[in-house]
Structures are given as structure tokens and as C-alpha cells.
Amino acid sequence: MCGRFVSSHTPDKIAEFFGASFEQEAAALPPNFNVAPTQDVYAVVADAQGARELQPFHWGLVPSWAKDTKIGSKMINARAETITDKPAFKGLFRKHRLLIPMDGFYEWQQPGEGAPVGKSGKPIKTPMFIHRTDGKPLAVAGLWAAWRDPNAPESAGDAAWLHSCTVITTSANDMMSRVHDRMPVILGEDEWAAWLDPANHDVAALRGMLVPAGEDVLVMHPVSTAVNNVRNKGPELIAQVDVTVAQARNGEASTLPGLGL
């Protein structure tokens, strides 16, 4: 699964990296080192001519047929193995694909034998920050949907529409399997154009991209359990810590909700 990630750069910098434009200054998002589901995130989309644009999307996919937006909190991730079977995803997979830029993401390692116990009486999980070895942003595969509020008046125009997205996950590579059995699909630059092309309906080729990252792509390190609280959003969250010291000082177990699909 992917339930928290980091987005710290300005939209102009992100757009430059992905060769995209950004024309929604009013919708610029602040730096956030603890992006959580149901928040707005940046994503890259492309038109039929290949022109890319960086846009804000609601994280938590709301299908066009949904009665309301509540379903979005349950659809933050889409499993690569079933993406062409699930009604909410299979149509979008053919023509509504995007890239979600991330500086890195978090995952929580299960406590080992003898781990400190928090106030809840449960062993404390260790949050890990996972990022590229070369320091470049991750280009995470995702899908998007457009939903119109059925209660909005005709005069509402664009304000009646919600554009939302979901992160595609796959099985973990060996490095990630130490902390979780899933990981986001990370695409290489040579795959961006084919993935973003809305006219590309080669399902077999597209599914062939949904594989674990190579073992040399990512690294991880332990960080403070301060990341467990979504109100914490600062750069100190990604600083490497000594696990034993951090757990003893914090004294609380992770309280993350079950957000994976």
C-alpha cells in the first residue's frame, strides 16, 4: 500500500522535472512532508498531442458513478494485479492514467521481538522513509477520475467537478519486503510518454509496466514516529533517527488506520 508520502517542491520545480506546464497558481499546494489520503496532491497528465500539465487532484478516487465522495477514502490505492478487473478502475486504466510525483513515501515496519511497548500496550512500529538512491522525484503510476456533484446547480460550472486519483501498487521488491508486501509502481522516464498517452490502449503493454522497482532504485531509513500524526508536516519528519532512542522517547504505538486495498 501507499498511505503517506512527501511532496516538498514548488509546482514550478515539479513541472520542470516532468516537462510539464503549470497554469493554476491559485491552486498551488504548500510543501508537505506528510501527505495523507483525502488531501490534494499534484499529478501529471497529458493530452493526445503529448503536452503534459501538472494539476492538483484529490487523493482518493471517486468514480463518476459514485453517489458522493465518501468512497474516495477507500480507494487511495489500486492493486496492479486486479486493475483491469475492478469496475472502478478498468475503464480508467485504458484512458485516464497519470503520474504522481513524490519525493519519497513512508511505510511502517512491524516491531521485532522485544520492541518497546507504547501507551496503548502494543509494540511500537518503526516508520521508514523510502526514496530514490539518486535523490530524484519518484514518478508513481496512478489513475484519475472526474466526478460531478449531483447536487450542484448547472451554474456551478467547474466548481461542481472533483478530479481525484489513486496510487497503483504492486508486490514489494526484496528491499521493500523487509517492511511491507506492497509498494507503489514507480515508472522510469522512458515509460512516462506511453503511460500518459490517453490514446494508448495497449492494455498488455501498460500492465507490463506495473512491476516492482529494481533493487537499486530505492533506499530507506528510520524516521521519527512524529510522522504518525498527520498534523505534523515539516522537513524534520524525513530526518534519519536512531530507532531505539526514538521509540523510547516517543512511548506511543502507531495509530495508522488501515488504508490499503
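Now for a look at the structure at hand. Bear in mind the structure is a predicted one, so any value in this text is a computation, not a measurement. Residue indices begin from 1 for each chain and proceed along its sequence in written order. Since the coordinates come from a predicted model, pLDDT governs what is reported: local features require at least 70, and pairs of side-chain atoms require 80 or more to be given and counted, while whole-chain, interface and lining totals use all residues. Heavy atoms from the whole structure form the basis of all side-chain values; hydrogens and water molecules are not counted.

### Points about the nonpolar core
Phase 1 of the analysis: Leu99, Ile168 and Trp195 are the most contacted members of the largest nonpolar core, which totals 32 residues.
Phase 2 of the analysis: Labels follow the DSSP assignment, with helices taken as runs of H or I lasting at least four residues and strands as runs of E lasting at least two, numbered in each case from the N terminus. Of all the secondary-structure elements, those providing two or more residues to this core are helix H1 (11-17), strand E4 (40-46), helix H2 (87-95), strand E10 (138-148) and helix H3 (189-196).
Phase 3 of the analysis: Leaving out residues up to four positions away in the same chain, Trp195 has contacts with Phe93, Arg97, Leu98, Leu99, Ala141, Gly142, Ile168, Leu187, Leu206, Met209 and Leu210.
Phase 4 of the analysis: In plain words, nonpolar cores are sets of buried Ala, Val, Leu, Ile, Met, Phe, Trp, Tyr and Cys residues tied together by side-chain atoms within 4.5 Å. Here's how the labels work: a residue is buried when its accessible area is under 20% of the maximum for its type, exposed when over 50%, partly exposed in between, all with a 1.4 Å probe on protein chains only. Listed in part, the 30 residues of the second largest apolar core include Leu98, Ile130, Val179 and Val217. The contact rule is simple, with two residues in contact once any of their heavy atoms fall within 4.5 Å.

### Here we look at the packing of aromatic side chains
Phase 1 of the analysis: A pair of Phe, Tyr and Trp rings is counted when the ring centres sit within 6.5 Å of each other, with Trp represented by its six-membered ring. The angle between the planes then sorts it: under 30 degrees is stacked, over 60 is edge-to-face, the rest tilted. Taken as a whole and judged by the stated rule, the model has nine aromatic pairs.
Phase 2 of the analysis: The interplanar angle of 90° and the centroid separation of 5.9 Å between the aromatic rings of Phe22 and Tyr42 together place this pair among those described as edge-to-face. A residue pair is termed long-range when its members are at least 10 positions apart, and Phe22 in the loop between strand E2 (20-21) and strand E3 (32-35) and Tyr42 in strand E4 qualify at 20 residues.
Phase 3 of the analysis: An angle of 50° between the planes, with centres 6.3 Å apart, marks the rings of Tyr106 and Trp108 as tilted. The same class applies to Tyr106 as to Trp108, namely buried.

### Description of the pattern of salt bridges
Any two side chains of opposite charge can pair, so long as their charged atoms come close to each other.
Phase 1 of the analysis: Every case where a carboxyl oxygen of Asp or Glu lies within 4 Å of a side-chain nitrogen of Lys or Arg is listed as a salt bridge. According to the stated counting rule, one finds two salt bridges in the structure shown.
Phase 2 of the analysis: As a salt-bridge pair, Arg182 and Glu81 come within 2.9 Å of each other at their nearest N and O atoms. Pair noted here: Arg182 is in strand E12 (residues 182-184) and Glu81 is in the loop between strand E6 (77-79) and H2, with a separation of 101 residues, a long-range link.
Phase 3 of the analysis: Among the residues examined, Arg182 registers a relative accessible area of 7% and is labelled buried.
Phase 4 of the analysis: Residue classification places Glu81 among the partly exposed positions, given a relative accessible area of 35%.
Phase 5 of the analysis: Across the salt bridge formed by Asp134 and Arg132, the nearest N and O atoms sit 2.9 Å from each other.

### Focus on the environment of His163
Phase 1 of the analysis: Looking at the secondary structure, you find His163 in strand E11 (residues 161-171).
Phase 2 of the analysis: Given a relative accessible area of 33%, His163 falls into the partly exposed group.
Phase 3 of the analysis: A C-alpha to C-alpha distance of 40 Å links His163 and Lys119, two positions 44 residues apart in sequence.
Phase 4 of the analysis: Residues within four places of His163 in sequence aside, it is in contact with Phe57, His58, Trp144, Ala145 and Ala146.

### Topic: the environment of Pro212
Phase 1 of the analysis: Here Pro212 lies in the loop between helix H4 (203-207) and strand E13 (218-222).
Phase 2 of the analysis: Residues Pro212 and Thr84 lie 128 residues apart in sequence; the distance between their C-alpha atoms is 18 Å.
Phase 3 of the analysis: The residues touching Pro212, leaving out its near neighbours within four places in the chain, are Thr170, Ser171, Ala172, Asn173 and Met183.

### Structural notes on the sheet that holds strand E9 (residues 126-132)
Phase 1 of the analysis: Two strands pair under a simple rule: DSSP has to find at least two bridges between them. If you walk across this open sheet you meet the five strands as E3-E1-E8-E9-E13, and the pairing is antiparallel. Either end of the sheet is taken by a strand with one partner, and the two such strands are E3 and E13. Here the strands of the sheet are splayed against their neighbours by 30° on average, with no regard to which way each runs.
Phase 2 of the analysis: Summarising the sheet, strand E1 (residues 5-7) and strand E8 (residues 104-109) pair through two bridges and their orientation is antiparallel. Angles run from 0 to 180 degrees between N-to-C directions of axes, and those axes are lines fitted to C-alpha atoms, restricted for helices to the stretch in contact.

### Considering the state of the cysteines
Phase 1 of the analysis: The rule for a disulfide is simple: a pair of cysteine sulfur atoms within 2.5 Å. Counted by the stated rule, this structure contains zero disulfides.
Phase 2 of the analysis: Note on Cys2: no disulfide assigned, nearest cysteine sulfur contributed by Cys165 at a separation of 10 Å.

### Details of unusual backbone geometry
Phase 1 of the analysis: Of note, the phi angle at Thr38 is positive, near 75°, even though the residue is not glycine.
Phase 2 of the analysis: When you line up the elements, Thr38 lands in the loop between E3 and E4.
Phase 3 of the analysis: Accessibility expressed as a relative area gives 43% for Thr38, which makes it partly exposed.

Everything listed here is a matter of coordinates, which is why it stays silent on function.
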